[in-house]
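Chain residues, written in single-letter form:
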Amino acid sequence: MAGTVEQNLAAQGITLPAPKAPVANYVPFVRTGNLLFVSGQVCLGGDGKLIAAGKLGYNVALEDGYAAAKGCGVNLLAQVKAAIGDLDKVVRVVRLGGFVNSAPDFLDGPKVLNGASDLMVAAFGDKGRHARTTVGVSALPSDAAVEVEGVFEVE
């Protein structure tokens, strides 16, 4: 039976996909003590296709970037579940780091990353509130619009 966090996700129509394997020489997550560091997750949907490709402020709308960041958050949670088996073992979402594939004059990266942040709060309640960094970049793997990494305190 799904735990509370997965029930919260299900209530929003979200089912965690199988976690994606790394595409280069790194591991999807590292646990040290009670901290779990999850490698950057691009905005792949459950169908394995990018939710949004291209640059925010050029050919990707803010709303699509928000959805892409939310998709990255879903993929982060899939990796967390693979690492610890049960999302209810997350004590706190500590930090998210977001990378937004942006046109040079695009200034709304923080609004894009709210897609991932809002998901964490919806899933974990106050334990989902976190520190965050948002960086605009000139390119991401596979022309993904967004990539998000995370740090989680776990039992």
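In the block above lies the structure referred to throughout.
Reference entry: report on the structure contained in this document. Going along each chain's sequence as written, the residues are numbered from 1 onward. Reporting of local features is limited, given that this is a predicted model, to residues whose pLDDT is at least 70; pairs of side-chain atoms are given and counted only at 80 or more, and all residues count toward the totals for whole chains, interfaces and linings. Each side-chain value is derived from all of the structure's non-hydrogen atoms; neither hydrogens nor water enter the calculation.

Overview of the layout of surface pockets
Move 1: The definitions used throughout rest on a 1 Å grid laid over the protein atoms alone, on which a cavity is an enclosed set of points accommodating a 1.4 Å probe that cannot get out and a pocket is an open set flanked by protein within 12 Å on both sides along at least five of seven lines; lining residues are those having an atom within 4 Å of a point. Grid points are joined across faces, edges and corners, and a volume is the space filled by probe spheres set on the points. The space that makes up the largest pocket amounts to roughly 280 Å³.
Move 2: Considering the residues around the largest pocket, the lining is formed by 15 residues, among which Ala21, Val23, Tyr26, Gly40 and Val42 are closest to the centre.
Move 3: Strands are runs of DSSP state E lasting at least two residues, helices are runs of H or I lasting at least four, and both sets are numbered from the N terminus onward. Among the elements of the structure, β2 (35-42) and α2 (62-84) are those that each provide at least two residues to the lining of the largest pocket.
Move 4: Among the elements that make up the lining of the largest pocket, the one with the highest residue count is β2 (3 residues).
Move 5: Classification used: nonpolar for Ala, Val, Leu, Ile, Met, Phe, Trp, Tyr, Cys and Pro, charged for Asp, Glu, Lys and Arg, polar for all others including Gly. Here the residues of the lining of the largest pocket are counted per class, giving 8 nonpolar, 5 polar and 2 charged.

Topic: the side chain of His130
Move 1: One can find His130 in the loop between α3 (109-124) and β4 (131-137).
Move 2: A polar side-chain atom of His130 sits 2.8 Å from a polar atom in the side chain of Ser117.
Move 3: Counted as a polar contact is a pair of N or O atoms within 3.5 Å, where, for protein atoms, one must be capable of donating a hydrogen and the other of accepting one, and residues adjacent in sequence contribute only when both atoms are in side chains. Separated by 2.7 Å, the side chain of His130 and the backbone oxygen of Gly128 make a polar contact.
Move 4: Discounting chain neighbours no more than four positions away, the residues touching His130 are Val93, Val94, Arg95, Leu96, Ser117 and Met120. Residues count as neighbours in contact if any of their non-hydrogen atoms are within 4.5 Å of one another.

Details of the nonpolar core
Move 1: Among the nonpolar cores identified, the biggest contains 38 residues, and Leu9, Leu77, Val146 and Phe152 are the most heavily contacted of them.
Move 2: Residue assignment for this core shows that the elements contributing at least two residues are α1 (4-11), β2, α2, β3 (90-101), α3 and β5 (146-154). Put simply, buried Ala, Val, Leu, Ile, Met, Phe, Trp, Tyr and Cys residues joined by side-chain atoms within 4.5 Å make one nonpolar core. Any residue under 20% of the maximum accessible area for its type is buried, any over 50% is exposed, and the rest in between are partly exposed; the area is computed with a 1.4 Å probe on protein chains only.

Side note on the packing of α2 against α3
Move 1: Between α2 and α3, whose axes approach to 7 Å, the crossing angle comes to 45°. It follows that α2 is oblique to α3 by the angle criterion. Here α2 runs over α3; the crossing is right-handed. Facing α2, whose interface residues are Leu62, Gly65, Tyr66, Ala69, Lys70, Gly73, Val74, Leu76 and Leu77, α3 presents Lys111, Val112, Leu113, Asn114, Gly115, Ala116, Asp118, Leu119, Met120, Ala123 and Phe124.
Move 2: For the contact of α2 with α3, the per-class residue count stands at 13 nonpolar, 4 polar and 3 charged. In this analysis, axes come from line fits to C-alpha atoms, helices being fitted only over the stretch in contact, and the angle between any two N-to-C directions falls in the range 0 to 180 degrees. Here the word oblique covers every angle except those under 35 degrees (roughly parallel), over 145 (roughly antiparallel) and from 65 to 115 (roughly perpendicular). Each crossing gets its hand from how the near helix is turned against the far one by less than a right angle, where anticlockwise is left-handed and clockwise is right-handed.

Some details on the sheet that holds β3
Move 1: In this analysis, strands are considered paired if DSSP registers two or more bridges between them. Taken in spatial order, the 5 strands make up an open sheet running β1-β2-β5-β3-β4, and their pairing is mixed. The open sheet has two free edges, formed respectively by β1 (29-32) and β4, since each of these has just one partner strand. Here the average twist between neighbouring strands, direction ignored, is 15°.
Move 2: One ladder, built from 6 bridges, connects β2 with β5; its direction is antiparallel. For Val38, the partnering residue across the bridge sits in β5 and is Gly150.
Move 3: α2 contacts β1, β2, β3 and β5 of the sheet and is inclined by roughly 140° relative to β2.
Move 4: Together, β3, β4 and β5 form the strand contacts of α3, whose direction differs from that of β3 by roughly 160°.

Focus: the state of the cysteines
Move 1: The definition used for a disulfide is geometric: two cysteine sulfur atoms within 2.5 Å. Following the criterion strictly, the structure yields 0 disulfides and no others.
Move 2: With no disulfide of its own, Cys43 lies closest to Cys72 among cysteine sulfurs, the gap being 5.0 Å.
Move 3: Judged by its relative accessible area of 0%, Cys43 falls in the buried class.
Move 4: The class for Cys72 is buried, based on a relative accessible area of 0%.

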